[in-house]
Structure formats: C-alpha cells, structure tokens
Amino acid sequence: MSQSRVASFECGRIIATIAIIALHCQIFMQAPLFNGQPLLGMGLNQMSRFAVPLFFIMAGYFIQPRLTTERIPYLWRYARPLLIMWASWSIIYLILPFNFHIVATDGYFAERGMYWQKLLATPLNTLFEGGLVHLWYIPGLLSGLTVITILLRFKLERLIIPVASGLFIFGLMAGSYSQMTDLSSPIFTRNGPFFSTFMIMLGFEVRRRNISISLKYSIIMLIIGFALFISEANYLSLQENGAFFHDFLFGTPLWALGIFFVLLAKPNFGDNKITHALSKDVLGIYLCHLIIVIYYLNIVRLLGINSIVASIFAVPVVLIVSTLIVRGLRKTPIARFLVR
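Basis of the calculations
- Residues numbered from 1 in each chain as written.
- Predicted model: local features only at pLDDT ≥ 70, side-chain atom pairs only at ≥ 80, totals over all residues.
- Heavy atoms only, no water.
- Helix = DSSP H or I, 4+ residues; strand = E, 2+ residues; numbered from the N terminus.
- Rg over C-alpha atoms; globule rule 2.2 N^0.38 Å.
- Buried < 20%, exposed > 50% of the residue type's maximum accessible area, 1.4 Å probe, protein only.
- Areas by Shrake-Rupley, 256 points an atom, 1.4 Å probe, with all protein chains shown as cover.
- Lys, Arg positive; Asp, Glu negative; His and termini not counted.
- Charge placed at Lys NZ, Arg CZ, Asp CG, Glu CD.
- Contact = heavy atoms within 4.5 Å.
- Polar contact = N/O pair within 3.5 Å; in protein donor to acceptor, adjacent residues only side chain to side chain.
- Expected span 1.5 Å × (residues − 1).
- Salt bridge = Lys/Arg side-chain N within 4 Å of Asp/Glu carboxyl O.
- UniProt positions renumbered as here; feature names shortened; annotations may be inferred.

Trainee: I'd like to hear about the overall build of the chain, residue by residue, with values.
Mentor: Helices and strands together make up the secondary structure of the chain, namely 17 helices and zero strands. Over its C-alpha trace the chain gives a radius of gyration of 20 Å, about what one expects of a compact globule, namely 20 Å for 340 residues. Considering only C-alpha atoms, the chain reaches an extent of 60 × 50 × 45 Å along its principal axes. Considering the chain as a whole, with its 340 residues, one finds that 52% of them fall into the buried category. Total accessible area on the chain is roughly 16300 Å²; 68% of this is exposed by carbon and sulfur atoms. Side-chain charges in the chain split into 26 positive and 13 negative, and the spacing between the mean points of these groups amounts to 12 Å.

Printed below as a string of structure tokens:
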C-alpha cells in the first residue's frame with residue numbers, strides 16, 4: 001500500500017501537523033482563564049500530544065515491507081535525505097535570532113551567544129535534537145528505525161516487541177515518572193530511541209501481521225487511550241514537583257494507535273485536492289514552522305496584541321506562512337537540502 005494513495009493517512013498527517021503548530025503556539029495558554037487557570041489552553045495542549053506518536057506509527061507501517069527485506073541498505077537510503085535536512089535546518093536555527101528585544105538592546109551576538117551556550121551546556125541532548133528543539137523528531141525516528149533494523153539484521157525479529165517495550169518503559173520511568181522512580185537518563189527521554197522505537201514498532205507490527213480493527217473499536221481504543229493519558233497527567237501533576245504536560249505517557253500508544261486504526265478503517269477520509277496538495281508539504285512545514293511561531297510571538301509581544309486574538313490567528317498564520325516558505329524553497333537550488 002502506498003502512502004501517497006491513502007487519503008485518510010494524508011489527511012491524518014495534515015491534522016497532526018496542525019496539532020503540532022497549535023501546541024507550539026501555546027494557544028489560549030494566557031487567556032481565557034477559569035479560576036485562574038487557562039483550562040481551554042491546557043485542554044488543547046494535551047489534545048495535541050497524539051501528533052508525533054502518530055507520525056512514528058505511520059512511519060513504521062509504511063517502511064515495514066522494504067525494511068524487512070532490504071534492512072541496512074534501505075535504512076541508509078531512507079535516512080540520508082532526512083539527516084541532510086536535519087543538519088541544514090539545524091544550521092539555519094543556529095544562525096537565526098529568536099528574541100527581537102535582546103537583538104535590539106544587546107545585539108545579535110549577545111542573543112545568539114546565550115542560545116549557543118544553552119545548547120553547549122547539554123551537548124549529548126543537543127546531538128539528539130539539533131539546532132532547535134522540535135528537530136528531535138528526525139534523530140528520534142532514525143534511532144528507532146536503527147534499533148529495529150539491527151534486530152532484523154541479526155535475525156532477532158522476536159525481540160523487536162520486548163526491546164521496544166523495554167525502551168518505552170525505561171523512557172517513562174526516567175522521564176515523566178522520574179520523580180517517583182528516581183531513575184535518570186543521559187538524555188531527555190523524549191529524544192533518542194526510547195519512545196520512537198515503540199511507536200514505530202506498533203506500525204511495523206500492524207503492517208507485518210496485517211492487523212485491522214473496526215471503526216467502532218478504533219474509536220473506543222482512542223477514547224480509552226486519551227482518558228488514560230489525561231488521568232496520568234492529572235495524577236503526575238499532583239505529585240511533589242509534578243508537571244501536567246507530558247509528551248508520552250502509558251496512554252499514548254493506545255490513543256495514537258486508536259487514531260491510526262480509525263484512519264486505516266476509513267481510507268477515503270479527506271480524499272480531496274486540498275489534502276493531496278498539502279500533504280506533500282507536511283515534513284517541510286514541520287521543519288520550518290517553529291521559527292515562524294517564534295517570530296509570530298515576537299510580533300505579538302511587540303505590538304501588544306490581545307492574547308485571545310493572537311491565539312485565534314496563530315495556527316492559520318503559521319500554517320500559511322510555513323506552506324508558502326516550503327513551496328518557495330522547492331523552487332530554489334538548495335531545495336534538496338531543506339525539503340522533500
């Protein structure tokens with residue numbers, strides 16, 4: 001099955017990209033407030049957390065046939081353009097300033113110097129992220145695929161599920177649950193292979209075993225997964241020094257897999273020209289959108305725009321500008337370094 005011919009997956013990738021933009025724009029996190037809390041913003045923030053896990057599941061699903069037969073040669077062909085884009089965008093983000101106010105008052109090198117020092121303070125973690133935090137997706141994806149490929153290469157397919165599960169559990173115990181377990185990791189556990197391997201494995205095994213479930217049970221699965229995710233987030237927020245926002249929790253795989261099965265059950269969902277036209281820009285939009293978010297928020301602060309108004313326009317502005325940038329880059333000689 002070709003990804004380009006499955007309208008529901010293309011539509012799902014677009015929806016996930018919009019969710020990521022909304023998450024990074026922190027929409028409605030300043031207002032409105034209910035009992036002093038931005039409950040609307042908090043809810044939307046948590047509802048956006050399915051996006052990257054869904055990307056990983058889709059990657060595992062579509063790469064499974066060729067990764068199983070070609071293994072390391074195919075992994076390298078798959079990874080090479082992604083690594084080039086990751087390095088290229090990392091360089092861009094190391095050069096571009098983020099804070100207009102500091103640049104205006106202290107100068108370009110003062111603003112950049114603080115950022116460079118921040119990255120150098122955690123060099124190993126920076127290696128698994130790149131020039132800006134959202135780029136962690138590419139090293140995470142390739143780390144997970146590498147783990148699975150190595151197991152395939154040494155004919156240890158039976159270990160894919162237990163190894164991926166072990167990495168996932170350790171990632172949670174040394175990440176979101178670390179205040180309860182006292183475990184630690186040399187890198188932030190969202191980065192690297194800890195969660196990506198497990199999510200990729202889910203898509204990989206669904207394709208390998210030809211698993212599908214009905215739309216009804218897919219919806220039940222995603223509802224239970226999201227309810228578990230929110231319950232965990234609430235529970236963890238009540239612990240000492242606990243936080244409410246988390247990238248991955250035990251409910252994440254069930255939630256994201258439920259969404260994936262919904263898309264699998266409805267392959268014609270979103271089958272229109274807009275979906276097919278926009279879906280090819282998804283990776284490029286993901287790679288460039290965060291600098292647009294940063295500049296948008298800078299302008300909002302400089303102009304003193306009402307936070308509710310800024311939240312309403314944030315996602316469409318960032319999506320449109322990012323799409324225009326991606327399509328503009330495709331017309332330049334450096335396109336292959338920055339977009340697919």
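Trainee: How would you sum up the environment of Ser-176? Please name residues and give values.
Mentor: Mapped onto the elements, Ser-176 comes out in the loop between helix H9 (160-173) and helix H10 (178-181). Taking the C-alpha atoms as reference points, Ser-176 and Pro-253, separated by 77 residues in sequence, lie 15 Å from one another. Every residue in contact with Ser-176, bar those within four places of it in the chain, is listed here: Gly-171, Leu-236, His-246, Phe-248 and Leu-249. Here the side chain of Ser-176 touches His-246 through a polar contact of 2.8 Å, side chain to side chain.

Trainee: So what's going on with the environment of Gln-26? Which residues, and what values?
Mentor: Tracing the chain through its elements places Gln-26 in the loop between helix H1 (7-25) and helix H2 (39-47). Sequence separation between Gln-26 and Gly-41 is 15 residues, and the spatial gap between their C-alpha atoms is 7.2 Å.

Trainee: Mind laying out helix H13 (residues 251-265), listing which residues take part and the relevant values?
Mentor: The end-to-end C-alpha distance of H13, which contains 15 residues, comes to 21 Å, matching closely the 21 Å that a straight helix rising 1.5 Å per residue would cover. For H13, the buried fraction is high: 13 of the 15 residues fall into the buried class.

Trainee: Hey, could you go over the pattern of salt bridges for me, with residue numbers and the actual values?
Mentor: Using the criterion set out here, one finds eleven salt bridges in the structure. Residue Glu-129 is joined to Arg-190 by a salt bridge in which the shortest nitrogen-to-oxygen separation is 3.2 Å. Residue Glu-129 is found in the loop between helix H7 (123-127) and helix H8 (137-153), and its partner Arg-190 is found in the loop between H10 and helix H11 (193-208); the two are separated by 61 residues along the sequence. Shared partners join several salt bridges into a network, and the residues in it are Arg-49, Glu-129, Arg-190 and Asp-247.

Trainee: Provide a residue-level description of the UniProt feature "domain: Acyltransferase" (unreviewed entry) in the chain, including the pertinent values.
Mentor: Sites flagged by UniProt as "domain: Acyltransferase" (unreviewed entry) map to residues 7-326. Helix makes up 74% of residues 7-326 and strand makes up 0%, while its end C-alpha atoms are separated by 21 Å.

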